[in-house]
Amino acid sequence: MSSVEEGDLVARVEGAAGVIRLNRPKAINAVTLEMFRDIDKALDRFEADPAVALIVLEGAGERGLCAGGDIRTLWESSKAKGDLGKILWREEYILNARIKKFPKPYIAFMDGIVMGGGVGLSAHASHRIVTDRTRLAMPEVGLGFFPDVGGTYLLSRSPGEVGTYFGLTGQTMNGPDAIHAKFADSVVQVAKWPELREALTRVRPGATAAEVGKLINGFATGETAGPVAAKEPAIDALFGFDRMEDIFAALKRDGSEFALATLKTLSEKSPRGMVVTLKLLRLAREASSLEECLVREYRAALEVFRSDDFREGVRAAVIDKDRNPVWSPPRIEDVTPEMLAPYLAEIGADELKFN
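Residues numbered from 1 in each chain as written. Predicted model: local features only at pLDDT ≥ 70, side-chain atom pairs only at ≥ 80, totals over all residues. Heavy atoms only, no water.

J.: Help me out: how do you make sense of the packing of aromatic side chains in this one?
T.: Geometry of an aromatic ring pair is reported as the spacing of the ring centres plus the angle between the planes. What the rule picks out here adds up to eleven aromatic pairs. Taking 6.1 Å as the distance between ring centres and 85 degrees as the angle between the ring planes, the aromatic pair formed by Tyr-93 and Tyr-298 counts as edge-to-face. On the criterion of sequence distance, the pair formed by Tyr-93 in helix α3 (residues 84-100) and Tyr-298 in helix α15 (residues 290-305) is long-range, its members being 205 residues apart. When its relative accessible area of 0% is taken as the criterion, Tyr-93 is described as buried. Taken together through their ring pairs, the aromatic side chains of Trp-89, Phe-145, Phe-146, Phe-305 and Phe-310 make up a single cluster. (Phe/Tyr/Trp six-rings, centres within 6.5 Å; stacked < 30°, edge-to-face > 60°. Helix = DSSP H or I, 4+ residues; strand = E, 2+ residues; numbered from the N terminus. Buried < 20%, exposed > 50% of the residue type's maximum accessible area, 1.4 Å probe, protein only.)

Shown next as structure tokens:
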């Protein structure tokens with residue numbers, strides 16, 4: 001067994017598996033720029049090693065695979081008018097695209113909390129395993145942001161308006177709902193994971209994605225739909241609009257318990273973040289590739305990084321934790337086309353490019 005221990009990231013070969021472990025359990029494995037770089041290096045090594053049949057991504061500790069990116073550091077850089085957002089998101093999004101196209105089976109163990117940047121490292125994998133304790137979410141709109149890391153690509157490919165609902169509300173998916181929303185492939189009970197993980201380390205080099213999938217399915221529960229799937233007809237009727245004002249109006253008109261609870265959730269989010277998110281989700285429906293969505297997300301992310309709403313959202317949720325953000329503008333009706341335009345504008349030399 002060869003091993004490279006790198007503190008916040010562990011990358012080592014176990015049998016036939018190239019194991020990548022996010023190793024910040026106290027921070028629920030929140031990912032830093034250095035960790036993204038170390039993952040990229042580990043993938044270089046595992047791709048070139050003929051003895052490595054597949055990749056296994058996992059998180060240290062019991063709480064989850066990954067709670068997202070290192071938001072506090074991004075907030076500090078944004079406040080100081082620094083360039084961490086520009087650097088980190090560029091490298092992260094290029095890595096997200098690499099994971100989707102990785103030539104060997106890439107198995108993501110999406111246990112516990114999986115959010116934001118953690119979704120980017122796992123939901124583009126060839127084999128995505130959720131568990132009986134998975135809590136997956138893209139809650140960025142509550143930070144004055146939008147579902148990035150290819151989130152607009154993934155959400156726009158969920159059935160009906162389920163992705164629109166999850167993207168705008170930031171609500172949490174359990175394992176079966178993550179499968180229904182096309183963020184995952186198989187539910188495996190946590191208790192079965194050690195046995196499956198051991199089996200993965202014994203897969204023969206050169207094994208196909210189909211062979212690995214068959215192995216995983218032998219441990220899976222077969223569940224494919226959770227509580228949100230049952231609400232899909234209502235979600236389709238309430239979220240099938242291209243303007244946030246129309247979604248709000250539909251929720252008010254409907255007046256059901258679900259609609260009113262959803263309205264309350266949306267009323268706490270950044271109006272600007274919701275408008276940007278809905279626009280990006282609708283554009284993503286027409287996109288032919290993950291890369292096309294990531295290019296658009298990168299343009300929008302740089303604009304978010306400069307915005308008061310991002311700093312205010314992170315302040316309220318992460319820094320002061322008062323849960324009382326003051327959004328600018330405060331109402332959905334006040335978000336003008338002129339405000340939206342910079343999030344969608346081309347950025348010349350700074351455009352995201354893939355190798």
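J.: What's the story with the UniProt feature "domain: Enoyl-CoA hydratase/isomerase" (unreviewed entry) in the chain in this structure? I'm lost.
T.: Those residues carrying the UniProt feature "domain: Enoyl-CoA hydratase/isomerase" (unreviewed entry) are residues 18-343 in this numbering. A helix fraction of 52% and a strand fraction of 9% characterise residues 18-343, whose end C-alpha atoms lie 38 Å from each other. (UniProt positions renumbered as here; feature names shortened; annotations may be inferred.)

J.: Before we go on, may I ask you to explain the side chain of Glu-232 in this structure?
T.: When you line up the elements, Glu-232 lands in helix α11 (residues 232-239). Buried charge without a salt bridge: Glu-232, with Lys-182 as the nearest opposite-charge side chain at an N-O distance of 8.6 Å. A polar contact of 2.5 Å, which involves the side chain of Glu-232, links it to the side chain of His-180. With sequence-adjacent residues up to four places away left out, Glu-232 is seen in contact with Pro-159, Gly-160, Val-162 and His-180. (Lys, Arg positive; Asp, Glu negative; His and termini not counted. Salt bridge = Lys/Arg side-chain N within 4 Å of Asp/Glu carboxyl O. Polar contact = N/O pair within 3.5 Å; in protein donor to acceptor, adjacent residues only side chain to side chain. Contact = heavy atoms within 4.5 Å.)

J.: What is the right way to look at the pattern of salt bridges in this model?
T.: When their charged atoms lie close together, side chains carrying opposite charge are able to pair. All chains considered together, the criterion is met by 32 salt bridges. A salt bridge links Arg-243 to Asp-246, with the shortest nitrogen-to-oxygen separation between them at 2.9 Å. On the accessibility criterion, Arg-243 (44% relative accessible area) is partly exposed. Residues participating in the shared-partner salt-bridge network are Arg-12, Glu-14, Arg-21, Glu-58 and Arg-197.

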